[in-house]
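For reference, the chains in residue letters:
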Amino acid sequence: MRRAAGAAANGAVVSGAIGALAGTGVGIPLAFATDFAAGTLGSALEQRISEGKVRAGKNVTSGLTNAAGNMFYGCRTDFADIQNKKMWR
């Protein structure tokens, strides 16, 4: 149950940021920074809820994965998120 709640919190943060950026016309650097921040904060929130601790390396990796995925594909990269979680187990 805690894992599901953590994943939902992460998704809410990342999706909220994507929704906030949609249609704003902000430039690539600001969009990248927003995606990075959302991925990093969402990962930290998910870890805190599901594991009770937060690992900075995992957060930064998740933030970079989120930002790069949105930059290249224009959407969330759920597959990359899954791979990132497997790497940090």
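The preceding data block contains the structure.
In this report, we go over the structure that sits alongside the text.

## Focus on helix α1 (residues 2–21)
Here comes step 1: With 20 residues, α1 should cover 28 Å at 1.5 Å per step; its first-to-last C-alpha distance of 29 Å lies within 8% of that length.
Here comes step 2: Of the positions making up α1, those classed as buried are G6, A9, N10, G11, V14, A17 and L21.
Here comes step 3: A positive phi of about 75° marks G23, the residue just after α1.

## Things to note about the side chain of Q47
Here comes step 1: Inspection of the secondary structure puts Q47 in helix α2 (residues 28–50).
Here comes step 2: Among the polar contacts made by the side chain of Q47, one reaches the main-chain amide nitrogen of R55 at a distance of 2.6 Å.
Here comes step 3: In this structure, Q47 is in contact with G52, K53, V54, R55, K58 and N59, ignoring residues within four places of it in sequence.

## Quick look at α2
Here comes step 1: Given a rise of 1.5 Å per residue, 23 residues ought to cover 33 Å, and the 32 Å separating the end C-alpha atoms of α2 matches this to within 8%.
Here comes step 2: Those residues of α2 not exposed but buried are A31, D35, A38, G39, T40, G42, S43, A44, E46, Q47 and S50.

The rules behind these values
Residues numbered from 1 in each chain as written. Predicted model: local features only at pLDDT ≥ 70, side-chain atom pairs only at ≥ 80, totals over all residues. Heavy atoms only, no water. Helix = DSSP H or I, 4+ residues; strand = E, 2+ residues; numbered from the N terminus. Expected span 1.5 Å × (residues − 1). Buried < 20%, exposed > 50% of the residue type's maximum accessible area, 1.4 Å probe, protein only. Polar contact = N/O pair within 3.5 Å; in protein donor to acceptor, adjacent residues only side chain to side chain. Contact = heavy atoms within 4.5 Å.

Purely geometric numbers; function is a separate question.
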